[in-house]
Every structure is written in structure tokens, then in C-alpha cells.
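The lines below spell out each chain.
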Amino acid sequence: MATLRPPAVAGAFYPGDAQALTGEVDELLEGVESLEVQFGHPKALIVPHAGYIYSGPTAAEAYSELIPARGVVKRVVLLGPVHRVAVRGLALPGVDEFATPLGRIRVDAEGVRSLEDLPQVVTSAPAHAMEHSLEVQLPFLQRVLGDFTLIPLAVGDATGAQVAEVLERLWGGPETLILISTDLSHYHEYEAAQRIDNDTADRIARLEGGLNHQQACGATPLNGLLGLARKKGLTIRRLAVCNSGDTAGGRGRVVGYSAFALDEGDKVSREDAGRTLIGMARAAIGARLIGREPPKADGATWLSQPGATFVTLNKGERLRGCIGSLSPQRPLGSDVISNAEAAAFRDPRFPPMTLEEWPETQTEVSLLSTPRPIRFADEADLLAKITPGEDGLVLEAGGRRGTFLPQVWESLPDKQQFLAQLKAKAGLPQDFRLGRCRVLRYRVIKWKQSDFPTQ
């Protein structure tokens, strides 16, 4: 029978009910305002570990970076400091599974075995029993990644070099995520904490080690990651820095929080991505036109990660087909191939594409960012918040939904007219109040076939 580490701080640091926990995590992730279109996912994250009411918004800034990692990241190496039970070294829990209200997570047995010869790695169930620094990360990971295995290490008396040796052993490839759980300074007055934490964040952003536990309670695992990141040439992005006085606490004694993402290797350039996606869309349609199976997406990591695309076909100045996905539900390469075929042969507004007209047809591919809800008081407030030419909008109400890509602003530049036509596309009457609708926005990177003359 599998041994289990049950949740210890459910109902305190985060909701103990599965439905309430799902709602809170999803609301925190939806609150992230970034509209950046992502290629790939980080190799490592630095996240805080207070109760969700305090540090949840900061943690969500980091976890939203993992949306493209669903189905790619299969293993999470999670390190956080011990707060209740002292331990020498890095402690494994000695169990087969961790549980949260959202379900069970298997401990990666193979990864655990790979650490058996390292003297700094020990087993301590007491170190894990009530430790919150690791547990509070798990519901976010469950919602964003889905299925994954876990290597949880509660870090006590150790050196940064010992941590780095463990991380090096577990580094892996795109299937492995490294996660460091740490808060920043504790119990300073608000403005003093800001000065201390901004200095610490600047050092983290320079990949400088040597941090102490007054600057970051998880300084030991953090120093280990930063040293290894320098060695491996990772780049780092500062996502958020704040403290409990900015969220839900008073400003007399605050705790600092930060979120960082570390990226490994060269990311695909925007131009190369566009050339690849346009080529895949054209090849898929061309193959179907001559009765062949469309080519498979190649094995590039960025094409294996979930992505949402629209494929638009134009014949001269007229639309010839447009089908797409609003959320990343399948690998990016598969998504663009499927949407290309659908735009050419299954758009209900047009007859199927023919071989004769295909040479005259131009292809566009749009890659979408994650749609984010717009919070608005009334129609006037909504109109003030949307940006013509940049925002793609999704309108949802009463089980109906419609979207306009940002390109539609070219033919509907007036905000009120844009929204009126979007209501019509969603099948809503013109007198339907926008205040009863859920409105989301997204941005796109758009590539045209004419951008790549050899396609």
C-alpha cells in the first residue's frame, strides 16, 4: 500500500475544500495581467509560500508562466526551507505520494533513487509533516500542469554547493521543472521592507548568491539554484516583488514576496516560429488537396507545448476561411495543422478549398496569448479599458461565445461597433447588456505568408 503525506495546512494557508480551492487558484491565475504571447516555459521558478490571501497573487505571476508547459513538464523538483523541524541536509519525505484537496501526486521514485549516494540527502518524515513551504505550491502545480511526479526536498542545514549538486543530478530536460519556494524579509516596517526586498530582488536578478536567511527564508536552496544557473548560462526574469502590506496585511510588520522565472537555452525567434507555422499550415492544406495525409509536427520542444492558434485564409482581399482555438488544449504544432485543415475544408461559411484556387490563397497564422478577464463596472468602463488594434476580445454569456481577433479592428475601428458586431457573432441580441457578459482579452503574434516569400 502506498504511503501518503496528507495535507497539513489545507483550510489555513489555502481552502480545504476542493471546489473552493480550484476556484481560488483559478481566480488568482486569471488575475495575472500579462498578455505576452509565450514560446516555451521556464526551466525554474522562484515563488513565495505564505497563505494565498497574502502571497497568492505573486505566486500566480510565476505559475502563469507554466501554462505552455502542460503535457510537457512531467516532473517537478521542489525545494523549500524547513520552518518547524530542524534537519541536517536536504530531506526527502520517505513517502510514495503527497495529497492535497485536489488529489494525490506521486513521488518520483526513480529520481529519489538517483540521490541515494549523496550524503547531504536524508530522509525525514517529521521535517515534512507540517511543512507549508512545499505544500502550498502543490495546488497551483496541479491546476496548471495536470499530471506530474514530485521530488520534494525540505532544506535545512546545508550549503549552496550541496543544493546545487542535488539540482545538477535532477536537472533533466524540458520534462523537469525546478521550483524554489522562498519568501523574502520578515517583519520589518513596510518602507524598510521595500528597501531590503528590492535590494535582494536586484541581487537575484543578477544571479548573485550569498543571500542570508534575513533576506530570504529559503536562502539556502535559492543560493544553490542561483549558482547553478550562472554555471549553466540561464537567464532570469523578474515577474513580481511586493509584500503583505500590498495584499492583505497591515504595514507595521510585513513579509516580502517575489516571483522570478529562469530560462534555459535559446528560445525560438519570432521570425523562425512564423516561418515554421506558416509552412506547417500550408503543407497540411496542400497535402489534403492531393489526397495525402498531412505531415506530422516536428519534434521541436516549443511545438510540443500547448498553444492556441487561428489560421486565416484570404483570397485577394476577401476572407476564404478562418478557424482557431481560444485556449491551449493541444500541442502547438498539432493545433496549427488541425486549424489549417479546418479553415480550408470545414469553415461552415465557405465551400471546401479546391486545388484550382489554392495557389491564389494567402495564409495567416495568429498565435494567441492566454485570454485574461477584463473586470469592468459598466459598458463605459469596458470601452475605456479595451485597446483598438491590439486587443482580441472574447464575449461570453448564457452559454454563447464569440471572438474577434485583433485584426478585425482594421475593418471595425469604432469600439462600440466592434462590440456590437461581436455580440452578433456570439448570437446575442443587440439590446443584451454587456454588464451581463464575461469579456476576456488576448494579444496575438500574427504572421502572413507574404512575410516569407519562399513559402
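Our subject in this report is the structure included herewith. Keep in mind that this is a model prediction, so the values were computed, not measured. Residue numbering note: each chain is counted from 1, following its sequence as written. Residues qualify for local features only when their pLDDT is at least 70, as the model is predicted, and side-chain atom pairs are given and counted only at 80 or more; totals for whole chains, interfaces and linings, by contrast, use all residues. Neither water nor hydrogens contribute to the side-chain values; these are computed over all heavy atoms in the structure.

### Concerning empty space enclosed by the protein
Any empty space left between the atoms is revealed when a probe the size of a water molecule rolls over them. Buriedness of a pocket was judged along seven lines, with at least five required to meet protein on both sides within 12 Å; pockets are open sets of points on a 1 Å grid over the protein atoms alone, cavities are sets where a 1.4 Å probe fits but cannot get out, and lining residues have an atom within 4 Å of a point. Grid points are joined across faces, edges and corners, and a volume is the space filled by probe spheres set on the points. Counting across every chain of the model gives 2 cavities of 30 Å³ or more. The computed volume of the largest cavity comes to approximately 170 Å³. Together, 18 residues line the largest cavity, and Q38, P68, P306, G307 and L368 are the ones closest to its centre. Three categories are distinguished: nonpolar for Ala, Val, Leu, Ile, Met, Phe, Trp, Tyr, Cys and Pro, charged for Asp, Glu, Lys and Arg, and polar for the others, with Gly belonging to the last. Of the residues contributing to the lining of the largest cavity, the split by class is 12 nonpolar, 6 polar and no charged. By volume, the second largest cavity is sized at about 30 Å³. Forming the boundary of the second largest cavity are P48, H49, A50, Y52, S55, G56, A59, V136, Q137 and F140. Only runs of H or I of at least four residues qualify as helices and only runs of E of at least two qualify as strands under DSSP, and these elements are numbered from the N terminus. With 4 residues, helix 2 (residues 52-63) is the largest single contributor of residues to the lining of the second largest cavity. When the residues that make up the lining of the second largest cavity are grouped by side-chain class, the tally is 6 nonpolar, 4 polar and no charged.

### Examining the sheet that holds strand 5 (residues 97-100)
Whether two strands pair comes down to DSSP finding at least two bridges between them. One open sheet accounts for 3 strands, arranged 1-5-6; its pairing is mixed. Bordering the open sheet on either side are strand 1 (4-5) and strand 6 (103-106), each of which pairs with just one other strand. Pairing of strand 5 with strand 6 involves 4 bridges; the strand directions are antiparallel. Of the residues in strand 6, the one forming a bridge with A99 is R104.

### A word on the sheet that holds strand 16 (residues 372-373)
Strand pairing in a sheet relies on backbone hydrogen bonds. The paired strands run either parallel or antiparallel. Taken in spatial order, the 4 strands of this open sheet run 16-19-17-18, and their pairing is antiparallel. Two strands lie at the open edges of the sheet, namely strand 16 and strand 18 (400-404), each paired on one side alone. Helix 14 (residues 415-425) contacts strand 17 (392-397) and strand 18 of the sheet and is inclined by roughly 135° relative to strand 18. It only takes one pair of heavy atoms within 4.5 Å for two residues to be counted as in contact. In this description, a line fitted to the C-alpha atoms serves as the axis of each element, helices being fitted only across the stretch in contact, and the angle between N-to-C directions of two axes falls anywhere from 0 to 180 degrees.

### Looking at the pattern of salt bridges
Basic side-chain nitrogens of Lys or Arg form a salt bridge, by our definition, when they fall within 4 Å of a carboxyl oxygen of Asp or Glu. Applying the stated criterion across every chain, the model contains 30 salt bridges. Between R237 and E65 there is a salt bridge; the shortest N-O distance is 2.8 Å. In this pair, R237 sits in strand 11 (residues 235-243) while E65 sits in the loop between helix 2 and strand 3 (75-81), placing the two residues 172 residues apart along the sequence. For every residue, the accessible area (1.4 Å probe, protein chains only) is compared with the maximum for its type, and the residue is labelled buried under 20%, exposed over 50%, or partly exposed between those bounds. Its relative accessible area of 24% is what places R237 among the partly exposed residues. Using a relative accessible area of 10% as the deciding quantity, one classes E65 as buried. Here R288 ties to E341 by a salt bridge, and the two come within 2.2 Å at their closest N and O atoms. One end of the pair, R288, is in helix 10 (residues 270-289); the other, E341, is in helix 12 (residues 332-345), and 53 residues separate them in sequence. Exposure remark for R288: the relative accessible area of 35% places this residue in the partly exposed category.

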